[in-house]
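Chain residues, written in single-letter form:
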Amino acid sequence: MAVSISDIIAPLVREYYAGLTPKEIAPQHVERREFGFGDFERTIAYRHVAFENETKLHSYLVESAPPFVSYSPSEYEDPAGRPMENKHWMGSELVFDLDATDMKLACQKEHGSSWVCQNCLDAVKAETMKLVEEFLIPDFGVSEKEISVNFSGNRGYHVHVMNEDIYKLGPGARKRLTEYISGAGIDLKNFFPALGERGHRLEGPTPTDYGWGGRLARGVISALNGGEAALISLGIDKTIARKLSKNKAEVVLGIATNGNWDKINIPNKADVWTNVLNGMAVRQGDQIDRNVTNDVYHIIRLPNSIHGKSGLVSKKLRSFKELAGYEPMKEAIAFRKGTMEVVATSPQFSMGGETFGPFNGTKVELPTYAAAYLLLKRVATPK
Ligand SMILES: [Zn+2]
C-alpha cells in the first residue's frame, strides 16, 4: 500500500508541537480567540473552535497534528459562538498579509506561483520593511514594540499591530487604512494644486512634508540620486528618466528647497507623478488578500505554527529589527532530525544553508526538512 503524505508529515508535525511549550505557541488572550484547522487539501477545513487556556490548545495540537492552524486577530467574549454575531466582538489586531505572489515578479513567470525563490523572498521582505518603516511608524504613529512580524511559512510575511486605538476600529476605518498604504484614491491635486493648469509653475511637496507628499518628494529625490535605473524602477519611462537624470542637480535643488517641481519641462506630468506614487505604495495584493486587513472575522495563520504547504514554521521574529537580516529558509525550519528518501523533480533550492538540486525524477536522500518541503510543494513523491 502506498504511503500518503499525511502518514509521513503528521508525525513530524506532532513532534514539532510536542517540542514547544504552551506559551511558545499560544497567542495573547488565547481564551478570546477563534481557531480554525486545515488538512492537506484545505487550509481551513473547520473553524469556530475555542480553547480555555494555553495548555488545552497545546495538547490539541500535539494530539491532532494539523497541517494548518489559523486564529482570529479578533478577540471575542464567546469565540466558539455561532453565527459570528454570537461571538460578541471585542476588538481586533490590525493584520497585513504580504505575499510574493501579489508582487507580480518576473521570476514567477519562470518558476510558477507555487514555487518560491530567493528573489521572491527578498522582494516581499523589502515590501514588508516599507510597510512598517514608511507607513505604520511615521504615518500611523504605531510604535515598534506594538508591531509583531512573522514569516507566513511559505512566501511572505504577516505584520500584526497591537495598538489600543486601532483595536476598536471597525471594517470601514480598516479599509481606509488599507487604501492609504496602497495609494488608492489619493488625489495628486492635494500636493500639486496647479496640476493640469497651463502657464502655472508646478509647486509641489518638499521632503519634510507629512504623509504622502513628503514621501513622494523624498522618493523622487532618492531616485534622482540613484540614477536612471532607479527612476525607471519608480515607474518613470526611459526618455523622461534620462532627461531628469541629466538635469539631476537642478531638479533636486528645486524640489528640496522650495517645492519647485518645474525645473525642467516634462510632458504628461500628472501621469508621471501618479505612476510614481503607485510605485511607492505597498503591494498588499488584490481584493481577496486585503480582506485580511479589513475583515475583522478573517482568521490567519497562527504565528509559530507549521505551514502545511512547506513544512516551514510561520516563525515569529523576536522584533522588527530582526527582519532586515532574516533568512526564512534557514531560520524557519522545523523538521531538523534525520534524513528521508524521496523521488524529486524540482528546481535548485537552498535550505538550512545548503543548496539542493535541481532534480529530474531523481531518487535522493535529503535532510528531513528538505524532503518534507519538496513533498508538500508536490514536486516529490515518497520513495
Ligand atoms: Zn521568484
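Keep in mind that this is a model prediction, so the values were computed, not measured.

Let's shift gears to the overall build of the protein chain. Assigned secondary structure in the protein chain consists of 15 helices and 14 strands. With respect to the three principal axes, the spread of C-alpha positions in the protein chain is 80 × 55 × 30 Å. A total of 383 residues make up the protein chain; the buried ones form 38% of that total. In the protein chain, the proportion of contacts linking residues at least 24 apart, taken out of those at least 6 apart, comes to 62%.

This next bit is on the nonpolar core. Counting 68 residues, the largest nonpolar core has L131, I147, V159, A334, A371 and A372 as the members making the most contacts within it. Excluding its chain neighbours within four sequence positions, the residues that come into contact with A371 are M340, V342, L366 and A380.

Here we come to the sheet that holds strand β7 (residues 147–151). One open sheet holds the 3 strands; their spatial order is β6-β8-β7, and the pairing between them is antiparallel. Edge positions in the open sheet fall to β6 (94–99) and β7, since each of these has one partner strand only. Shown here is a sheet whose adjacent strand axes are inclined to one another by a mean of 15°, direction ignored. Running over the sheet, helix α5 (residues 118–136) touches β6, β7 and β8 (156–161) and is turned about 20° from β8.

Taken in spatial order, the 4 strands of this open sheet run β2-β1-β3-β9, and their pairing is antiparallel. Looking at strand neighbours, the two that pair on one side only are β2 (46–49) and β9 (300–301), the edges of this open sheet. One ladder, built from 4 bridges, connects strand β1 (residues 35–38) with strand β3 (residues 68–71); its direction is antiparallel. Within the sheet, the bridge partner assigned to F35 lies in β3 and is Y71.

This part is about the environment of K104. Within the secondary structure, K104 is located in the loop between β6 and α4 (106–111). Classification of K104 by C-beta neighbours within 10 Å gives exposed; the count is 9. Residues K104 and R283, spaced 179 residues apart in sequence, show a C-alpha to C-alpha distance of 9.5 Å.

Relative to each other, helix α1 (residues 5–18) and helix α15 (residues 368–376) sit at 135°, their axes nearing to 11 Å. Considering the angle they form, α1 stands oblique to α15. The handedness of the crossing between α1 and α15 is left-handed. In contact with I5, I8, I9 and L12 of α1, α15 contributes T368, A372, L375 and L376. Among the residues forming the contact of α1 with α15, the class breakdown is 7 nonpolar, 1 polar and no charged.

Rules used throughout
- Residues numbered from 1 in each chain as written.
- Predicted model: local features only at pLDDT ≥ 70, side-chain atom pairs only at ≥ 80, totals over all residues.
- Helix = DSSP H or I, 4+ residues; strand = E, 2+ residues; numbered from the N terminus.
- Buried ≥ 20, exposed ≤ 12 C-beta atoms within 10 Å, placed from the backbone.
- Contact = placed C-beta atoms within 7 Å.
- Core = buried A, V, L, I, M, F, W, Y, C linked by C-beta atoms within 7 Å.
- Pairing = 2+ DSSP bridges.
- Axes fitted to C-alpha atoms, helices over the stretch in contact; angles between N-to-C directions.
- Parallel < 35°, antiparallel > 145°, perpendicular 65-115°, else oblique.
- Left-handed = near helix turned anticlockwise from the far one by under 90°.
- Nonpolar A, V, L, I, M, F, W, Y, C, P; charged D, E, K, R; others polar.

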